[in-house]
Amino acid sequence: MGVPYKLDKRVVKFIIDEKQLKPRLGCRSFVDLIKSQFGLNISKSTVNAVIKEAGLSKRVGRPRGAKRAVTQEIRKPVSFKESPLRFSQPLVLPFDKKEEPKPPPKPEPAEKTPPKLEQKPVIVPKENKEPEKKPEPPVEVKEEKPQEAPKLEPPKPEPRPEPKPEPKPEPKPEPAPEVTKPEKPVEPAKEEKPKRPMVEPKPVELAKVREIKKEGQFADIAKLMQPVSVPEDDIFDSMGVFFLKAAENESSKTSILGDLARELMTGIDPLEAEIKSNILLYASIFGIDNIELLDQYREQGLWVASNSSKKLGYFEIERFLGDLQKKPELFSKLYYACDNNFKEALYYKIILADGTIIFIDSRLKSIWQEPNIPDNFTVSQNKAKRYIEEKIIQIFTKEKQPIALFNVPSFRSFPAVVSEFIYAMEDIAHKRMLEIDTISVNNQELESHSNIVPAKRYFMFGFWPWQQEAKDFLKGDIGIVRDFYLPELARQIYYSARQVEFPTQSQIYLTAIFLKNSAFSSPRMGILTNVPEQIMTVQDLIKFYLLHWPNFEDTYQDILASSERLTYRGFVYPVFDEDTMPKREQSYILPASSATALDNINTLLTNLSISCQRHFFPYGYRFADFATMKQRFYGLPGKIKRKDKNLYVNLLVPKDYPYSNDLFYAVRRINESDITDMFGCKIWFKVL
C-alpha cells in the first residue's frame with residue numbers, strides 16, 4: 001500500500017495533469033504509468049485520493065443513487081434572528097466556573113438569576129420525567145386507602161377521647177404555664193397519633209412493587225441473574241455463538257425473546273424465562289435442530305451461552321415452548337420486535353442555526369460533507385437513538401461520556417465541515433444545533449430531535465501526522481513524553497500533549513494528544529478534544545479513545561476500502577466463488593402469522609445472523625446463508641473469561657483454517673463497536 005503523505009509532488013502533478021487530459025484514465029492505469037515512469041508502487045486508493053482531492057473524480061454513488069438524490073433537499077438558511085433559540089441562554093455546566101469572575105457588582109447577580117429560570121423549562125430531561133410518571137396513575141393505591149382507612153379509623157377514635165380528659169384537668173390548676181410551654185408539647189402529641197395510621201397500612205410499598213413489575217422488570221433481570229462462573233481453561237463448543245449474542249446486545253439492551261416471554265407469561269419466574277428463551281433461540285447453533293435431541297446433548301457450551309447453571313431436559317423446554325404457543329399475542333409482539341430492533345440507521349443530519357448541515361455516520365467513524373456514506377457504516381435504530389440521546393442530546397456529566405469520532409476525512413487538511421462541527425459543539429451562538437435527524441439506508445427519516453438544549457458538548461476525534469493541521473500542531477514544544485500501560489489492549493502507550501488554538505483565530509483552545517510507539521519515535525496518530533483536564537485526565541482520554549478504536553490503522557484502511565467500493569460499484573471482497581454466490585444479498589425477515597412459534601423464533605435467529613453479516617463481517621458475507629456462517633464461524637470452540645467488567649471470548653481455530661482473514665476482520669470490527677452484555681461487561685473477541 002502506498003502512503004499518501006510520502007508522495008512526491010511530481011507524481012501528484014503527473015496524476016492531475018494526465019487526468020485532466022484523459023478523463024477516462026482509471027486508477028489501475030495510473031498505477032502502471034507511475035510504475036513505468038517513476039519506478040514507484042502506488043496503490044489505487046492513493047491515486048483515487050489524489051484525484052478526489054483535485055476534484056476530478058466522478059462519484060457514482062451507491063446502487064440506490066436515485067433515491068439518495070432526494071435527500072439533497074434545498075433548505076433555506078435559518079436566520080439566527082428567526083431561530084427560537086436566539087434569546088436562549090447557554091447552559092453553564094458546573095465544571096465551567098472560570099467565567100464567573102464578575103461578582104463585585106451586586107445588581108448583576110440579580111440579573112443573572114432570571115436566565116437560569118428560563119433555562120429550566122427548556123431542559124429536555126424534564127420532559128422525559130413526565131412520561132415516566134405516566135405509568136403511575138394506573139398503579140395508584142390511593143383509591144384503596146379510603147377502603148382501608150375507614151376500617152382503621154373507628155378503633156382509633158376510642159383512644160382519642162381518653163387523652164382528651166387528661167389534658168383538661170392539667171390546664172385548670174396551672175393556667176399561666178398552659179399558654180407558654182405546656183400547650184406546645186400537647187399539640188405535637190396530637191400530631192403523632194395521626195402519623196401512626198399512615199404507617200400501618202403501608203400502601204406506598206405496594207405501589208413500588210407494582211411499578212417495578214410494569215416498568216423495571218426487564219432491567220431487574222441483570223440484577224437478579226448473576227453470570228455463571230466457568231473455569232478459564234475449559235474449552236466449550238460453539239463459542240462463536242457470542243457473535244449472535246453481541247448482535248442482540250447491540251440492537252437491544254436485554255434479551256428480545258426473554259422480554260416477550262416475561263411479558264406474555266406473567267406467572268413465570270423471570271430468570272427461568274430468560275434461560276429457557278436463550279436455549280430455544282440458540283439450540284440450533286449447538287447441533288440441536290430438534291428439541292427432542294436436547295437430552296442427547298453432552299457438551300456444556302449451550303448452558304454457558306444461556307447462562308444456565310444446570311442442564312435442562314427436553315420436557316422442561318417443550319412445556320415452555322407450548323406455553324408460548326398458546327399465547328396469541330406472540331406473533332404480533334415478535335413481529336414488531338423484529339421490525340423495531342433490526343431497522344438500520346446510516347447517518348445523522350445535524351442542522352445548525354445558520355442553515356449549515358453536518359453529516360455524521362451512525363458508526364461515528366467520521367464527519368462527512370455530503371451524505372455519500374458507505375452503507376456498511378450502519379447500526380441498529382435503537383443503538384443510533386442511544387448514541388444521540390447519551391452523547392449529544394444529554395449534557396456531558398461524569399456519567400455521560402463525550403462523543404468519540406474515529407477521524408476526520410481528507411488526506412492533506414481538515415475540511416471546512418470540521419470547523420463547523422467544533423463551533424456547534426462549543427455552542428457558538430450562530431452555530432447552535434437546532435435539529436438532529438436520523439436517516440436510514442433508504443434515505444428515510446427514522447427519528448428527529450428538536451429543541452436541543454443550548455450547552456457546550458464534549459468531543460474527541462483522531463487525526464493523522466500527514467495532515468496539514470497535524471504539522472501545525474507539531475510546531476514548537478509538544479510537551480513531555482509520558483507513558484502508561486493499558487491492560488485491556490496489553491500495550492504500553494507513549495504520548496505527549498499540548499494546547500492548540502483551532503480553528504485559527506477562533507479563541508477556541510483544544511488539547512492535541514500525540515500517540516507514539518516509543519519515547520523517541522515520531523507521532524503515529526493524534527487525538528483532538530475539547531474535554532478539560534479537570535474532567536478527564538489525558539490518560540483517561542487516551543484510554544477512552546483506544547477502547548473505542550483499538551485497531552485504528554486497520555479501521556482507517558477499512559474506511560478507504562469502503563469509500564472505494566462506494567465509488568466503484570461492483571467491488572466486492574472475494575470471499576465466495578462466482579458459482580456459489582447468491583444473486584442478491586440477504587435482507588431482514590419478519591415473522592409470519594401462519595408459522596409455528598418455533599419457526600418464528602428461528603426467524604429471529606436468522607435476523608441476528610444477518611445483522612452480524614452486515615455489521616461485523618467483510619462486505620461479501622452479506623451474500624452468505626445461515627448454514628455457511630454456522631459452519632465457518634458460529635461453530636468455533638473457545639474459552640470464556642470475565643474480569644473487571646470485561647467479557648473475553650477467546651476463539652480457537654483449527655490448523656490450516658481457511659477463513660482466518662475474515663475472522664480477524666470480524667474480531668476487529670466487533671471490538672470497536674463498544675458492545676456490552678446484560679451484566680454491563682464489554683465484549684472482547686480474540687483469536688487464539
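First, a word on what this report is: a plain description of the structure on this page. (Residues numbered from 1 in each chain as written. Predicted model: local features only at pLDDT ≥ 70, side-chain atom pairs only at ≥ 80, totals over all residues. Heavy atoms only, no water.)

**A few points about the overall build of the chain**
Move 1: The helix and strand inventory of the chain stands at 25 helices and 15 strands.
Move 2: A separation threshold of at least 6 residues defines the contact pool for the chain, and within that pool the share at least 24 residues apart is 70%.
Move 3: When the accessible surface of the chain is summed, it comes to about 36700 Å², and 52% of that surface belongs to carbon and sulfur atoms. (Helix = DSSP H or I, 4+ residues; strand = E, 2+ residues; numbered from the N terminus. Contact = heavy atoms within 4.5 Å. Areas by Shrake-Rupley, 256 points an atom, 1.4 Å probe, with all protein chains shown as cover.)

**Some details on the sheet that holds strand β13 (residues 638-643)**
Move 1: Strand order in this open sheet of three strands is β13-β14-β15, and the pairing throughout is mixed. Looking at the sheet topology across the chains shown, the edges are occupied by β13 and β15 (682-687). For this sheet, the mean angle separating the axes of adjacent strands, direction not counted, is 20°.
Move 2: For strand β14 (residues 646-651) and β15, the ladder comprises six bridges, and the chain directions are parallel. (Pairing = 2+ DSSP bridges. Axes fitted to C-alpha atoms, helices over the stretch in contact; angles between N-to-C directions.)

**What to know about the packing of helix α1 (residues 9-21) against helix α3 (residues 44-53)**
Move 1: Taken N-terminus to C-terminus, the directions of α1 and α3 make an angle of 65°; their axes are 10 Å apart at the nearest point. Put simply, α1 runs roughly perpendicular to α3. Handedness of the crossing formed by α1 with α3: right-handed. Between α1 and α3, the residues in contact are V12, I15, I16 and K19 and V47, V50 and I51, respectively.
Move 2: For the contact of α1 with α3, the per-class residue count stands at six nonpolar, no polar and one charged. (Parallel < 35°, antiparallel > 145°, perpendicular 65-115°, else oblique. Left-handed = near helix turned anticlockwise from the far one by under 90°. Nonpolar A, V, L, I, M, F, W, Y, C, P; charged D, E, K, R; others polar.)

**Brief notes about the sheet that holds strand β12 (residues 525-529)**
Move 1: Taken together, six strands build an open sheet; the order of strands is β5-β8-β12-β11-β10-β9 and the sheet is mixed. Since the sheet does not close on itself, it has two edges, and those belong to β5 (403-407) and β9 (482-486), each with one partner. Recorded for the sheet is a direction-independent mean angle of 25° between the axes of neighbouring strands.
Move 2: As defined by bridge partners, β9 adjoins strand β10 (residues 491-501) across five bridges and the pair is classed as antiparallel. Across the sheet, the residue bridging to Y485 is Q492, located in β10.
Move 3: Against the sheet, helix α19 (residues 416-425) contacts β5, β8 (459-463) and β11 (509-516), and its axis sits at roughly 160° relative to β8.

**So, the pattern of salt bridges**
Move 1: On inspection of all chains with the given rule, the structure shows 25 salt bridges.
Move 2: Salt-bridge contacts for D375 lead to R622; the nearest nitrogen and oxygen are separated by 3.6 Å. With a gap of 247 residues between them, D375 in the loop between β3 (367-368) and β4 (379-380) and R622 in the loop between α23 (597-615) and α24 (626-634) connect regions that are remote in the sequence. For the residue pair D375 and R622, the accessibility class agrees, reading buried in each case.
Move 3: For D554, the salt bridge goes to R669, with nearest N and O atoms at 3.1 Å. Placement of the pair is D554 in helix α22 (residues 552-567) and R669 in helix α25 (residues 660-671), with a sequence separation of 115 residues.
Move 4: Overall, the relative accessible area of 23% leaves D554 in the partly exposed class.
Move 5: We classify R669 as buried; its relative accessible area is 4%.
Move 6: Because the salt bridges share partners, they merge into one network encompassing K365, D554, D558, R668, R669 and E672. (Salt bridge = Lys/Arg side-chain N within 4 Å of Asp/Glu carboxyl O. Buried < 20%, exposed > 50% of the residue type's maximum accessible area, 1.4 Å probe, protein only.)

**Some details on helix α13 (residues 256-264)**
Move 1: Burial analysis of α13 places eight of its nine residues in the buried class, which makes it a mostly covered element.
Move 2: The residue sitting at the N-terminus of α13 and contributing the capping side-chain oxygen is S255; that oxygen lies 3.1 Å from the backbone nitrogen of G258. (Polar contact = N/O pair within 3.5 Å; in protein donor to acceptor, adjacent residues only side chain to side chain.)

**Quick word on the pairing of β8**
Move 1: Within β8, five of the five residues are buried, which leaves the element mostly enclosed by the surrounding structure.
Move 2: Alternating residues of β8 divide into F459, F461 and F463 and M460 and G462, and every residue in both groups is buried.
Move 3: Bridge count for β5 against β8 is four bridges, and the pairing is parallel. From the neighbouring strand, N407 faces β8, where its bridge partner is G462.

**A look at the packing of aromatic side chains**
Centre distance and the angle of the planes are the two values used to describe a pair of aromatic rings.
Move 1: If you walk through the whole model with that rule in mind, you get 33 aromatic pairs.
Move 2: Relative to F38, the ring of F14 has its centre 5.6 Å away and its plane inclined at 70°; by these criteria the two rings are edge-to-face. Taken together, the positions of F14 in helix α1 and F38 in helix α2 (residues 27-38) put the pair 24 residues apart, joining distant regions of the chain.
Move 3: Residue F38 is classed as partly exposed on the basis of its relative accessible area of 26%.
Move 4: Ring centres of Y347 and F359 lie 5.7 Å apart, and the angle between their planes is 75°; on these two criteria the pair is classed as edge-to-face. (Phe/Tyr/Trp six-rings, centres within 6.5 Å; stacked < 30°, edge-to-face > 60°.)

**A short note on the nonpolar core**
Move 1: Judged by nonpolar contacts, the single largest core of 73 residues is most densely connected at F243, L244, F286, F617, L663 and F685.
Move 2: The residues contacting F685, other than those within four sequence positions of it, are F242, F243, V649, L651, V667, I670 and N671.
Move 3: Counting 42 residues, the second-largest nonpolar core is a separate cluster that includes A404, M460, W464 and L486. (Core = buried A, V, L, I, M, F, W, Y, C linked by side-chain atoms within 4.5 Å.)

**Quick look at the environment of D361**
Move 1: Following the sequence through the fold, D361 ends up in strand β2 (residues 357-361).
Move 2: It is 9.3 Å that separates the C-alpha atoms of D361 and V379, two residues lying 18 residues apart in sequence.
Move 3: With sequence-adjacent residues up to four places away left out, D361 is seen in contact with L346, Y347, Y348, S366, W368, I373 and F377.
Move 4: Here R363 takes part through its backbone nitrogen, which lies 3.1 Å from a polar atom of the side chain of D361.
Move 5: There is a polar contact of 3.0 Å between the side chain of D361 and the backbone nitrogen of K365.

**Description of empty space enclosed by the protein**
Move 1: By the definition in use, this model includes seven cavities of 30 Å³ or more.
Move 2: Within this model, the largest cavity holds a volume of roughly 310 Å³.
Move 3: Listed by contribution, the elements that provide at least two residues to the lining of the largest cavity are α12 (241-251), α14 (270-282), α15 (301-305) and β13.
Move 4: Looking at the lining of the largest cavity element by element, the count peaks at four residues for α12.
Move 5: Considering only enclosed or pocket space, the second largest cavity measures out at about 230 Å³ in volume.
Move 6: Residue lining of the second largest cavity: 23 residues in total, with R363, K365, W549, E672 and S673 positioned closest to the centre.
Move 7: The set of elements that each furnish at least two residues to the lining of the second largest cavity consists of α18 (381-393), α23 and α25. (1 Å grid on protein atoms, 1.4 Å probe; cavity = no way out; pocket = protein on both sides within 12 Å on 5 of 7 lines; lining within 4 Å. Points joined across faces, edges and corners; volume = space filled by probe spheres on them.)

**So, the pairing of β2**
Across a regular strand the side chains alternate sides, sitting on one face of the sheet and then on the other.
Move 1: Counted residue by residue, β2 has four buried out of five residues, so it is predominantly covered.
Move 2: For strand β1 (residues 344-352) and β2, the ladder comprises five bridges, and the chain directions are antiparallel. Note that in β2 the partner of Y347 across the bridge is D361.
Move 3: Counted along the chain from β1 to the antiparallel partner β2, the turn is four residues long, and its residue G355 has a positive phi close to 95°.
Move 4: With antiparallel pairing between neighbouring strands as the criterion, β2 and β3 make up a hairpin whose turn holds five residues, including L364 at a positive phi of roughly 60°.

**Topic: α12**
Move 1: Across the eleven residues that make up α12, a large majority, eleven, are buried.
Move 2: All of the buried residues in α12 are V241, F242, F243, L244, K245, A246, A247, E248, N249, E250 and S251.

**Quick word on unusual backbone geometry**
Most peptide bonds adopt trans geometry, and most residues besides glycine take a negative phi value.
Move 1: The residue after F502, namely P503, is reached through a cis peptide bond having omega -5°.
Move 2: Within the fold, P503 resides in the loop between β10 and β11.
Move 3: Even without glycine at this site, L364 takes up a positive phi of about 60°.
Move 4: Inspection of the secondary structure puts L364 in the loop between β2 and β3.

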